Amino acid sequence: MAYYIDSYMESLYKGNKIKFNIDDIKNYRDFQDFYSGMYEAYISCLGEIPADLPLDVKILSENQRGGYKILKIEYTLDENLRAPAYVLIPDGAKSLNPGAVALAGHGYGVADIVGIKENGEERLPEEDPGYHKNFAVELVKKGFIVAAPELLGFGELVLAPNTNFRNEGSSCYPVSTQLLMYKKTMAGLRVKQAVRMLDYLAGRDDVDSGRIGSMGISGGGLVSSFFAALDKRVKACVVSGYLCTFKQSIMGVQHCVDNFIPGLLKYGEMADLFGLIAPRPLLIESGESDDIFPIDGVKSSYARLEALYKKLDAPDKIDADIFDGGHQIWGVKSYDFLVKWL
């Protein structure tokens, strides 16, 4: 006999009274109270985040492509941890260009979003761009100076091959679970990586530090939104294939453990966390047939955020692109949205 516990798990969600609810906000003063409380709670859930250390950037390679230059760099993320990233610079870039932090989702790593195939060769225009759609390249073509970090647990930032761990293309599971033992989270460290990329861009003479945005999909959508929620220097944000409800997405469909942040649901659902981005420009992309971030949860969460932006007299600063497709970058509105607001 099996004692199925579905009803117990459902009762936990129904009995959970979130502390900071954007639906309760009636005016800007309410929003300020919400923001201060939710922000403090959110930071506490992210766990211990690395301190700011000198970036100590080193250029590992530099190549010219059609219309832009691509650098591979290395920087300091934490004590005893150096990490790689790509930087894309449009030809003819002068001073005060807009910047963008581009954040990849699960796959073979950041190389995928900068047009590099898994074998290390440059992807040709006629070749399948995968679900990432070379979106860092599309951003540089729009005039952005782009910083794209290899996120912890992906690509080149994985554990050495070891029979004790089943990496299965990434080290998300062993790294995420081990970090919890140190009161750290994978989300916290990845968000810190995005912050480090913003620090890098803001320190460049050719980037306007007041015009830096973020864009990410899937696991990178988590980082893009969590990053914008953390750092007000992010002036506009695109989140693709991530906004939903925690209940219908990471708690309703089998997801990687790197999506889970202890205690966060006690303070707010996903839309409440996204409330920390308001009233800065925010665009949501989602496919009608995305089977890991169900569209019903996307639409209900977006409706809550849209109502919040209206209360904050910023209805023009939020938009959605719901398209006929699955889990992928779409790009029909997103690139122009960032151009408009940055």
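Use the structure listed above.
Structural notes, computed from the coordinates. (Residues numbered from 1 in each chain as written. Predicted model: local features only at pLDDT ≥ 70, side-chain atom pairs only at ≥ 80, totals over all residues. Heavy atoms only, no water.)

**Overview of unusual backbone geometry**
Part 1 of the argument: In this model, Ala278 is joined to Pro279 through a cis peptide bond whose omega is -5°.
Part 2 of the argument: With respect to the secondary-structure elements, Pro279 resides in the loop between helix H7 (270-274) and strand S8 (282-287).
Part 3 of the argument: A positive phi angle, near 55°, is found at Lys133, a position not held by glycine.
Part 4 of the argument: Its location among the elements puts Lys133 in the loop between strand S4 (97-103) and helix H3 (135-141).
Part 5 of the argument: Although it is not a glycine, Asn134 sits at a positive phi angle of roughly 50°.
Part 6 of the argument: Following the sequence through the fold, Asn134 ends up in the loop between S4 and H3. (Helix = DSSP H or I, 4+ residues; strand = E, 2+ residues; numbered from the N terminus.)

**Focus: the packing of aromatic side chains**
Part 1 of the argument: On inspection of all chains with the given rule, the structure shows 10 aromatic pairs.
Part 2 of the argument: Ring geometry for Phe31 and Tyr35: centres 6.1 Å apart, planes at 55°, overall tilted. Of this pair, Phe31 and Tyr35 both sit in helix H2 (residues 28-46), four residues apart, which is roughly one turn of the helix. In this pair, the class of Phe31 matches that of Tyr35, namely buried.
Part 3 of the argument: Centre to centre, the rings of Phe323 and Trp330 are 4.4 Å apart; their planes meet at 5°, and the pair counts as stacked.
Part 4 of the argument: For Phe323, a relative accessible area of 3% gives the class buried.
Part 5 of the argument: According to the relative accessible area criterion, Trp330 is partly exposed, its value standing at 35%.
Part 6 of the argument: Taken together, the aromatic side chains of Tyr28, Phe31, Phe34, Tyr35 and Tyr39 make up a single cluster linked through ring pairs.
Part 7 of the argument: Over the ring of Phe154 we find Arg190, and its NZ or CZ is 4.3 Å from the ring centre. (Phe/Tyr/Trp six-rings, centres within 6.5 Å; stacked < 30°, edge-to-face > 60°. Buried < 20%, exposed > 50% of the residue type's maximum accessible area, 1.4 Å probe, protein only. Lys NZ or Arg CZ within 6 Å of the ring centre and 35° of its normal.)

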